[in-house]
Structures are given as C-alpha cells and as structure tokens.
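Residue strings, one per chain:
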Amino acid sequence: NVTCEGHMLSSGGCLWDFHISQSPELVRNVPMFDIVIPLCDTWCRGYYHFTHEHLPRLALVHGLLTAPEPDNGGPDIKLVLSHAPVGFVRHFLYKVFKIPHSRVIWARPALGKQVVYPMPQRCGNTMTHLLHLMRDLVFGQMTLTPKSHREGGMKQYAKGKLKLLFAERSKLSRMPRNYFDLKSKLMAELKQRVEFATVLGNSSVSDQIGNFHDADIVVGPHGANIANMMWMRPGAHVIEIASIKNGNMCYYATAGRVGVQHHLLLHSSGKDSHFTIEYELFRKHVVHAVETLETQMGDQTIHPLF
C-alpha cells in the first residue's frame, strides 16, 4: 500500500485484499530511493489477474525502469512489489520487459523522494488504452508484428493453412471429459485446411505470447490458459468453453478490446464440474471460424475494426 500526506492507495489493481499498518516502526530504517514505483497485490500470483490488472500499468513506467542506473549517472529507481514474484511474473519483468534485476524489490517498505503510482485497473479488466500501449511495447520487445490494430486493421491473410491453437490446462481442469475425442475428430476432419498446435499453461511466457500471436483460432476452457488472447492479432477468433452457471464477461471484454472475435461454447455443469460436449456443437464453432477466415483469405480488402 502507498501512503502520502495522510492519503492511502492500494498498490494493486483491486481493493479485495487491503491492509495497512499505522505502526511508527514502519518507517524506521527504511531505505530512501529517488523514485519508487509500487505494484501488485496478492492477486499477482494468478496469471490472469497479473496480466490484466497489473502488467499493463508497467507500460506507463517502462521508460523509467529501463533508464540508466545510478552507476551510469541515472536515478535510483525501484519497482516495489507487494510479494516475491512468482515464475511468470519474473519472466515478464526480466525477459519480456527487460527490467534490470537490481531495479526490483519486494515484501519490504521503501521510501521515495518521488512515488510514481501507475493508473490502477478495474478488477479483472484492462483499460483499452493501456492494453494497447502494453501490446505495442511487448510486440516491439519481441519483434512481433503487427504491433496493434492501428497498423492496418484486420489481418490480411496470406494464402495457406490457418493455424488453430488448442490452449490446454496442464491438469485438464475445466475441460470436457471427452476432450481428446473431440480434438482427434476435429483434427482428422480439418487436417487439409488447418495447421494444429497445442500450448499448455506451464509453457514459458514468451512461448505463450508467440503462440497466441501466431494463431488464427484459439480453442480452450475458461481460465488463465486463454488469458493470452490479449496477444492475438485483430481478426483472429477465440472459442471459450465455459459454464453457463459460472461464466463471466472478462475474456469477452479482452477479445473485444483487441479486435478478436469471441465465441462462447457453453455447458450446463458447474465451472469445475465434470461435463461432456457434443462433437457437432464443438465442430460448429470451429468450422464457423475457419470458414470466416478462409473467406477473408480470398478477400484482399482490409476491413478496419476501429
């Protein structure tokens, strides 16, 4: 949490887990830095919440965090995290955003001559302008193109097979019990028209970003495994398998903000219950996406989404 002249702010994107101490011991023997940037709350341990509520805020301060360090005449700047960063957070900070390790501290108080407080997000959602600012930054760091919808609207598809990505959860949770049967039937039927790939939730962050960015169609159950739709190209399709009882609009909202066509394939069981899906329903969503994109492959006209 952040305090300044009696005002109190949360370091994270939400106020679901908010604590603050008024103990005077809090400010004893606390290091002073030129600039302190607070980030994160307990929800940073979850991939979806980190990428949608916290990571976009770093796009606003990336220039500060990658500026010359004190040894090279720059200011002493620290990114202060509320908790020790888990693996995917470290990957984003150090390998994708290329923030120096020495600039990141966690789980301890810090004083700043200046405190830079990046704009917080709504719970489970990312403000559109920050989402595109972050996409431009990440795509530039990873040399992925197009950087954003502003550079040409809907993708102009090259001739060739479409790429369908199965976004699977590592323990197969929230996936239909007949999933592998559905998958094998679909691959057999569409193998002449579609190139298939699979990504698991335990893949590296860079691999997941690259796989989602390259995909024309993504199929996966509701959960963090499809959070990476935020890296997809405008005009692509994502098919989310979700419970009609426990669904929410978070992934639909993200898809809409980046120009991705969202399909919702609903089942009547609970979010984490056992369920099956009829092949014809599964096929219907995928074939609709394939036929839509194949039509665009033959249409050389760009149709801007925004």
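The paragraphs below set out a description of the structure included in this document.

Conventions adopted
Residues numbered from 1 in each chain as written. Predicted model: local features only at pLDDT ≥ 70, side-chain atom pairs only at ≥ 80, totals over all residues. Heavy atoms only, no water. Helix = DSSP H or I, 4+ residues; strand = E, 2+ residues; numbered from the N terminus. Buried < 20%, exposed > 50% of the residue type's maximum accessible area, 1.4 Å probe, protein only. Contact = heavy atoms within 4.5 Å. Areas by Shrake-Rupley, 256 points an atom, 1.4 Å probe, with all protein chains shown as cover. Patch = residues over 30% accessible without salt bridge, like charges linked within 9 Å, V, L, I, M, F, W, Y side chains within 5 Å. Salt bridge = Lys/Arg side-chain N within 4 Å of Asp/Glu carboxyl O. Pairing = 2+ DSSP bridges. Right-handed = clockwise from strand over helix to strand, strands pointing away. Axes fitted to C-alpha atoms, helices over the stretch in contact; angles between N-to-C directions. Parallel < 35°, antiparallel > 145°, perpendicular 65-115°, else oblique. Nonpolar A, V, L, I, M, F, W, Y, C, P; charged D, E, K, R; others polar. Disulfide = S-S within 2.5 Å.

**Let's talk about the overall build of the chain**
Item 1. The secondary structure content of the chain amounts to seven helices and 11 strands.
Item 2. Here the chain, with 306 residues, has 50% of them falling under the buried criterion.
Item 3. When contacts within the chain are restricted to residue pairs at least 6 apart in sequence, those whose partners lie at least 24 apart make up 74%.
Item 4. Of the roughly 14600 Å² of accessible surface on the chain, 53% is carried by carbon and sulfur atoms.

**Concerning a nonpolar patch on the surface**
Item 1. Together, Leu60, Met119 and Leu133 make up an exposed nonpolar region whose accessible area comes to about 230 Å².
Item 2. Relative to the elements of secondary structure, Met119 occurs in the loop between strand E6 (111-115) and helix H3 (128-141).

**Looking at the pairing of strand E11 (residues 261-267)**
Item 1. In the sheet, strand E10 (residues 237-243) pairs with E11 via seven bridges, with the strands oriented parallel. Each residue of the ladder has a partner; that of His237, found in E11, is Gln261.
Item 2. Regarding the hand of the β-α-β motif, the stretch spanning E10, helix H6 (residues 250-257) and E11 is right-handed.

**With respect to the packing of helix H2 (residues 87-96) against helix H5 (residues 205-214)**
Item 1. Close contact between H2 and H5 brings their axes to 9 Å; oriented N to C, the two are set at 80 degrees. Overall, the two elements H2 and H5 adopt an arrangement that is roughly perpendicular. Contacts from Phe88, His91, Phe92 and Val96 of H2 reach H5 at Val205, Ser206 and Ile209.
Item 2. Per-class residue counts for the contact of H2 with H5 are five nonpolar, two polar and no charged.

**Some words on the state of the cysteines**
Item 1. Summed over the entire model, instances satisfying the criterion amount to one disulfide.
Item 2. Across a sulfur-sulfur distance of 2.0 Å, Cys40 and Cys44 are joined as a disulfide pair. Residues Cys40 and Cys44 are joined by a disulfide whose S-S torsion is about -95 degrees; by sign, that bridge is left-handed.

**Thoughts on the environment of Val86**
Item 1. Tracing the sequence through the fold places Val86 in the loop between strand E4 (77-81) and H2.
Item 2. The spatial distance from the C-alpha of Val86 to the C-alpha of Arg45 is 6.4 Å, given a sequence separation of 41 residues.
Item 3. The contact partners of Val86, leaving out residues within four places of it in the chain, are Cys44 and Arg45.

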